[in-house]
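Fold and geometry: a report
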Amino acid sequence: MNVSSSPSPPSTPSPEARPALHQDDADEEDENVKQLKECSVLYLALQECLVQSNRDWKACQPAVQALKECHAKRNQLKKK
């Protein structure tokens, strides 16, 4: 009788098969996003850019800078 060996364990899934890293984070940070108020749209745009670019921060620099400027303006208004 020929006994076949058990199948080898599955290999690590390719990056395309893995869920996006931010999916769980987005659910947990909903309250934090709300606290961003006027900057929340820019934050979400940055998150979307990171997903689309496979977390390439260099590709998302325009979104990073826009969020940075929004926070700077917001902080200046708080000081007044």
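So, here's what we can say about the structure. Just so it is clear, the structure is predicted and the values come from calculations on it, not from any experiment.

Some remarks on the pattern of salt bridges
Counted under the stated rule, the structure contains one salt bridge. Close ionic contact of Glu 38 with Arg 74 constitutes a salt bridge, the shortest N to O distance being 3.5 Å. Residue Glu 38 is located in the loop between helix 2 (30-35) and helix 3 (40-52), and its partner Arg 74 is located in helix 4 (residues 61-79); the two are separated by 36 residues in the primary sequence.

A word on the state of the cysteines
Enumeration over the complete set of coordinates arrives at two disulfides. In this model, Cys 39 is linked to Cys 70 through a disulfide, with the two sulfur atoms separated by 1.9 Å. Between Cys 39 and Cys 70 the sulfur-sulfur dihedral comes to about -95°; the bridge is accordingly left-handed. Here Cys 39, found in the loop between helix 2 and helix 3, pairs with Cys 70, found in helix 4; they are 31 residues apart in sequence, far enough to count as distant. Residue Cys 49 pairs covalently with Cys 60 via a disulfide, S to S 2.1 Å. Taking the sign of the S-S torsion, -100° for the link of Cys 49 and Cys 60, the bridge is left-handed. Of this pair, Cys 49 sits in helix 3 while Cys 60 sits in the loop between helix 3 and helix 4; the two residues are 11 residues apart in sequence, bridging distant segments of the chain.

Rules of the game
Residues numbered from 1 in each chain as written. Predicted model: local features only at pLDDT ≥ 70, side-chain atom pairs only at ≥ 80, totals over all residues. Heavy atoms only, no water. Salt bridge = Lys/Arg side-chain N within 4 Å of Asp/Glu carboxyl O. Helix = DSSP H or I, 4+ residues; strand = E, 2+ residues; numbered from the N terminus. Disulfide = S-S within 2.5 Å.

Any functional reading would require information that these geometric values do not contain.
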